[in-house]
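Spelled out, the chains give:
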Amino acid sequence: MKMKTKKMPKILGILVLSMVLGGFLFAGCRNNCRFNHDPEVVALRVEKGLDRALSKLKADEAQQEEIHGIAQLLLEDALTVKQRAKNSRSAMVETLLAEEIDREALHQQLDEQIRLMTEFAHRTADKLADMSAVLTVEQRDALLEHIKAKQEECF
């Protein structure tokens, strides 16, 4: 049973990171896709999804409040990183479309973007570990079983 609970933050981290990174990939399709990038709408969707998950896990009020607080910090961080990524993409496009292409500058911009995303991934993993620590062992086991079922269903 210890193996399951030790893997939970890593599994949650991978899932959330995949969703966040996927969101960044679709960031340029604001008007042409089904995703809404309005921060208030995103925050509302995250809150509703979290409420559903915590309800299924039978989380008490203290757990819900603590997890919502952590999720809020994670969302704020994600929105900041999204804006930085947008600025970075704009700079990279300008570099690529300049009269003289500066490959060194392009590589430096890419390295900086990778550094920022790696730092964000680590902060996200830490916040997911904090969320997981709020849950009881039984709640983590239930969440793990739910995630496994969804993975088998979707993948």
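Structure first, text after, so check above.
Remember, predicted model here, so these are calculated numbers, not experimental data. (Residues numbered from 1 in each chain as written. Predicted model: local features only at pLDDT ≥ 70, side-chain atom pairs only at ≥ 80, totals over all residues. Heavy atoms only, no water.)

**Let's talk about the overall build of the protein chain**
Helix and strand counts for the protein chain come out as five helices and zero strands. Taking all 155 residues of the protein chain together, the buried fraction comes to 30%. Residue pairs in contact within the protein chain that sit at least 24 positions apart in sequence constitute 72% of those at least 6 positions apart. In the form shown here, the protein chain has an accessible surface area of approximately 10900 Å², with 57% of it arising from carbon and sulfur atoms. (Helix = DSSP H or I, 4+ residues; strand = E, 2+ residues; numbered from the N terminus. Buried < 20%, exposed > 50% of the residue type's maximum accessible area, 1.4 Å probe, protein only. Contact = heavy atoms within 4.5 Å. Areas by Shrake-Rupley, 256 points an atom, 1.4 Å probe, with all protein chains shown as cover.)

**Some details on the pattern of salt bridges**
The final tally for this structure, using the stated rule, is four salt bridges. Glu119 is the partner of Arg115 in a salt bridge, and the nearest nitrogen-oxygen pair spans 2.5 Å. Linking Arg115 with Glu119, this pair stays in helix α4 (residues 103-134), spanning four residues, or about one helical turn. By sharing partners, the salt bridges in this structure join Glu112, Arg115 and Glu119 into a single network. (Salt bridge = Lys/Arg side-chain N within 4 Å of Asp/Glu carboxyl O.)

**Considerations on helix α2 (residues 39-56)**
Taking 1.5 Å of rise per residue, 18 residues should cover 26 Å, and α2 covers 26 Å from first to last C-alpha, within 8% of that figure. Just downstream of α2 lies Lys58, where phi reads positive at about 55 degrees. (Expected span 1.5 Å × (residues − 1).)

**Some remarks on a nonpolar patch on the surface**
On the surface, Val93, Leu96, Leu97 and Ile101 cluster together to form a nonpolar patch covering roughly 390 Å² of accessible area. Considering the arrangement of structural elements, one finds Leu97 in the loop between α3 (61-96) and α4. (Patch = residues over 30% accessible without salt bridge, like charges linked within 9 Å, V, L, I, M, F, W, Y side chains within 5 Å.)

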